[in-house]
Amino acid sequence: MSFITNTFYGGLTAGILIGIGFNIIKDYIVRTKWNSQNKKSVVESQQPNSLIKNNGEFKMALLVRHDLKMGKGKVAAQCSHAIVHCYEEGLRLKLKEINSWESNNKPVDIFKVADEETMLEFQQLAIEKGFNTYVVVDAGRTQVAPRSKTVMAIGPVESEEIDLFTQSLEVYT
């Protein structure tokens, strides 16, 4: 019985020490990775504002297909998907724009587009201008047919540029 008790407590002690060791290593790796990412964003955020055009205010625009007759809740969900995907892509490719957009309370304008063809024409124009875009393709489980392109997000883009780009569109209400 003494042998079993001694090996049990010895094994328990070894297991606890190994667990603590792994936790320390994991924390070190996470902290090191986090600090290196933060150093990059601190360096980028300390760059002069002259690198950002005009007033440095950026916003996103959402183009919602009006022909699908989606309910308000469906539109809200689709817009959320579009913003998240555009934001994630912006984090990878357009960090300065994302930082400016975030520091300006994340403005978003929402517009109606007549149909899929019009939305895709705007996407092509946006891509030609170098804007970040994302089109939501719905699974079709609720209000729209499967594979329907419902909403397109653009941006973040400098406010004056996106206003010129969307000036012909009707505001979504």
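You'll find the structure just up there.
Let me begin by describing the structure that accompanies this report. Treat the numbers as computed from the prediction; the structure is a model and nothing was measured.

Conventions adopted
- Residues numbered from 1 in each chain as written.
- Predicted model: local features only at pLDDT ≥ 70, side-chain atom pairs only at ≥ 80, totals over all residues.
- Heavy atoms only, no water.
- Helix = DSSP H or I, 4+ residues; strand = E, 2+ residues; numbered from the N terminus.
- Expected span 1.5 Å × (residues − 1).
- Buried < 20%, exposed > 50% of the residue type's maximum accessible area, 1.4 Å probe, protein only.
- Arc of directions from axis to C-beta.
- Contact = heavy atoms within 4.5 Å.
- Polar contact = N/O pair within 3.5 Å; in protein donor to acceptor, adjacent residues only side chain to side chain.

Okay, helix α2 (residues 72–93) next. Between its first and last C-alpha atoms α2 spans 31 Å; for 22 residues at 1.5 Å apiece the expected length is 32 Å, and the two agree. All of the buried residues along α2 are Lys74, Val75, Gln78, Cys79, Ala82, Cys86 and Gly90. On an axial view of α2, the arc spanned by its buried residues comes to 135°, and they lie on one face. The exposed residues of α2 that point more than 90 degrees off its buried face are Gly73 and Arg92. Of the surrounding elements, those touching the buried residues of α2 are β1 (58–65), α3 (95–103), β3 (133–137) and β4 (149–158).

Summarising the element assignment, Asn132 is placed in the loop between α4 (116–128) and β3. The exposure class of Asn132 is buried, given its relative accessible area of 9%. In this structure the side chain of Asn132 is engaged in a polar contact, spanning 2.9 Å, whose partner is the backbone oxygen of Cys86. When neighbours within four sequence positions are excluded, Asn132 is seen to be in contact with Cys86, Glu89, Gly90, Lys94, Ala153, Ile154 and Gly155.

For residues that are not glycine, phi is negative in most cases, and the peptide bond is trans in most cases. A cis amide bond links Gly155 to the next residue, Pro156, at an omega of 0°. Summarising the element assignment, Pro156 is placed in strand β4. Located in the positive-phi region is Arg147, a residue other than glycine, with phi close to 70°. Positionally, Arg147 belongs in the loop between β3 and β4. Arg147 gets classed as exposed once you look at its relative accessible area, which sits at 65%.

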